[in-house]
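Reading the structure
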Amino acid sequence: PRSTMDEKAGHNDSERREIGGEAAWTLSSAKPGNGVEQLRDDNFETFWQSDGAQPHLINIQFYKKMRIKELQLFCDFKKDESYTPNKVSIRAGTGFHDLREVHLVELDEPDGWVSIDLTTKSGANDGCLKYLRAHVVQIAVLSSHQNGRDTHVRQVKIYGPRQSATKGFGTELSRFNSIEFLHFSCIR
């Protein structure tokens, strides 16, 4: 059965957008019929299955430096058992030559979406978030549950911040709601 991420995770997408479609995706290895296409097909019944030595890598390469807010992995310990990722390293950089670890996550029998926040608080006490900026994001599965050799990841989503189209004009155009402004609110 197909399901969307928001049905399962209950997230509000008014502050973020999925940017995975703007990237080139590669894998360190994959069993035939269990590759990038299955990792990105929005179907929880399909999965990427690695086929080689650890670490197992998912590489997400953008054509320009992107602001990244969050990364989500869908894992199902009940179905995948020893194939389920246990320790995952998130790395980022401008290319493969300068990747640095930005997060190390240990998963304890995950069942559903695992959300990894890639923002940090800005230095000023203004509550603003600082986004991860990178050309390349790498998800490295360092180990699997029960000392499994290969891994299954059912879905991966990567999010950037949603920015208003009018930001930079000094005001939100949505505040202009007089009849005169509404009359010219769309382009024909």
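The coordinates are above.
Residues numbered from 1 in each chain as written. Predicted model: local features only at pLDDT ≥ 70, side-chain atom pairs only at ≥ 80, totals over all residues. Heavy atoms only, no water.

1. Here we look at the side chain of Asn34
Following the sequence through the fold, Asn34 ends up in the loop between β2 (23–27) and α2 (36–39). The class of Asn34 is buried, set by a relative accessible area of 16%. Leaving out residues up to four positions away in the same chain, Asn34 has contacts with Phe47, Trp48 and Gln49. (Helix = DSSP H or I, 4+ residues; strand = E, 2+ residues; numbered from the N terminus. Buried < 20%, exposed > 50% of the residue type's maximum accessible area, 1.4 Å probe, protein only. Contact = heavy atoms within 4.5 Å.)

2. Looking at the nonpolar core
Grouped together as the largest cluster of nonpolar side chains are 29 residues, with contacts concentrated most on Ile58, Ile60, Ile68, Leu71, Ile139, Val156 and Ile158. Those elements giving two or more residues to this core turn out to be β2, β4 (56–68), β5 (70–76), β6 (85–93), β8 (111–117), β11 (132–144) and β13 (155–161). Counting residues per element, this core draws most heavily on β4, at five residues. Residues within four places of Ile58 in sequence aside, it is in contact with Trp25, Thr26, Leu27, Leu39, Trp48, Val137, Gln138, Ile139 and Val156. (Core = buried A, V, L, I, M, F, W, Y, C linked by side-chain atoms within 4.5 Å.)

3. Digging into the sheet that holds β8
In spatial order, the strands read β1-β13-β5-β8; together these four strands make up an open sheet with antiparallel pairing. Every other strand in the sheet has two partners, leaving β1 (16–18) and β8 as the edge strands with one partner each. Taking each pair of neighbouring strands and ignoring which way they run, the sheet shows an average axis angle of 25 degrees. Two elements, β5 and β13, share five bridges in a ladder whose sense is antiparallel. Counted as the bridge partner of Glu70 is Tyr159 from β13. (Pairing = 2+ DSSP bridges. Axes fitted to C-alpha atoms, helices over the stretch in contact; angles between N-to-C directions.)

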